[in-house]
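Structural characterization, general
So the chains spell out like this:
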Amino acid sequence: RNSMCGALLIDSDGTLWNATSEGLYRIRNGQLTLFKEYDWIKDAAGNSLFEDSRKRIWLGCDGCGIYVLDKEKVVERFTAKNGLAGNSVNFITETRDGAIWFATRSGISRLKDDAFKNYTSADGLSNDNVRDIYEDADGTLWFATYGGGLNRFRDGKFTPITSKDGLYEDIVSRILVDRDDNFWVLGNRGIYSISRQMLND
């Protein structure tokens, strides 16, 4: 097959989801199902898949915004026309307060109580192309940007951390945090680690 393979997700029921240019694949109990009605992406696969606390599946794609599935039916659709910061969605997560956050190529969106709040470089974000989001135990959010390094978001304020501050490079695509409180960062030049304390300092 020539379909483009995109995001993968194993949900809370153990079902595997894969967003492709042919549509959405589901593998459950050894059975493969293709939902062709979701052929939203003809030239590019889905960028992100996420299951929220209500067991809804959120799919973000390249150029077509967000689809929300509940029991395998599309129940909501979000694009820039109805509030999303941008239609190319790189990452989706839910924070402890129940808000859904989206990292897009055009900034960050927060969806809470059916209302969007968007953040861009005009609000202090160092680069609008956001690749990843990580929430600290204290509610601090960290945003990985493609060209603007890391951004810490605390008390409504962005603090950029870039190569000018000693970061290895300004392209950050993924953030993982280990048990010793070290951030492991993926960029174009490789993978490196830095302690949370050093970043906060």
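Each remark here, short or long, concerns the structure printed above.
Anyway, here's the lowdown on the structure attached to this text. Model, not experiment: these values are computed from the prediction.

**Some thoughts on the state of the cysteines**
Summed over all chains, the structure comprises 1 disulfide. Disulfide partner of Cys61: Cys64, at an S-S distance of 1.9 Å. Here the S-S torsion is close to -135°, and the disulfide linking Cys61 with Cys64 is therefore left-handed. A relative accessible area of 10% places Cys64 in the buried class.

**Let's talk about the pattern of salt bridges**
What the rule picks out here adds up to 12 salt bridges. Measuring nitrogen to oxygen at the nearest pair gives 1.9 Å for the salt bridge that ties Arg196 to Asp136. With a gap of 60 residues between them, Arg196 in helix 1 (residues 196–200) and Asp136 in the loop between strand 13 (130–135) and strand 14 (141–145) connect regions that are remote in the sequence. Each member of the pair, Arg196 together with Asp136, is buried. In the salt-bridge network here, residues are joined through shared partners; they are Arg26, Arg28 and Glu72.

**Focus on the environment of Asn87**
In this fold, Asn87 is placed in the loop between strand 8 (73–78) and strand 9 (89–94). Once residues within four sequence positions are removed from consideration, Asn87 is found in contact with Cys61, Asp62, Gly63, Cys64, Gly65, Thr79 and Ala80. A distance of 2.8 Å separates the side chain of Asn87 from the backbone nitrogen of Ala80, its partner in a polar contact.

**Some details on the side chain of Thr15**
Considering the arrangement of structural elements, one finds Thr15 in the loop between strand 1 (5–10) and strand 2 (16–20). Polar side-chain contacts of Thr15 include one of 3.1 Å to the side chain of Arg28. The contacts of Thr15, once residues within four sequence positions are left out, are Leu9, Ile10, Arg26, Ile27 and Arg28.

**Side note on the packing of aromatic side chains**
If you walk through the whole model with that rule in mind, you get 15 aromatic pairs. On the basis of an interplanar angle of 45° and a centroid distance of 6.2 Å, the ring pair of Phe102 and Phe116 is categorised as tilted. Highlighted residues: Phe102 in strand 10 (residues 100–104) and Phe116 in strand 12 (residues 115–119), separated in sequence by 14 residues. Given a relative accessible area of 21%, Phe116 falls into the partly exposed group. The interplanar angle of 50° and the centroid separation of 5.9 Å between the aromatic rings of Phe143 and Phe158 together place this pair among those described as tilted. Separated by 15 residues along the polypeptide, Phe143 in strand 14 and Phe158 in strand 16 (residues 157–161) bring together distant segments of the chain. You'll find Phe143 and Phe158 in the same group, each marked buried.

Reading guide: rules and limits
- Residues numbered from 1 in each chain as written.
- Predicted model: local features only at pLDDT ≥ 70, side-chain atom pairs only at ≥ 80, totals over all residues.
- Heavy atoms only, no water.
- Disulfide = S-S within 2.5 Å.
- Buried < 20%, exposed > 50% of the residue type's maximum accessible area, 1.4 Å probe, protein only.
- Salt bridge = Lys/Arg side-chain N within 4 Å of Asp/Glu carboxyl O.
- Helix = DSSP H or I, 4+ residues; strand = E, 2+ residues; numbered from the N terminus.
- Contact = heavy atoms within 4.5 Å.
- Polar contact = N/O pair within 3.5 Å; in protein donor to acceptor, adjacent residues only side chain to side chain.
- Phe/Tyr/Trp six-rings, centres within 6.5 Å; stacked < 30°, edge-to-face > 60°.

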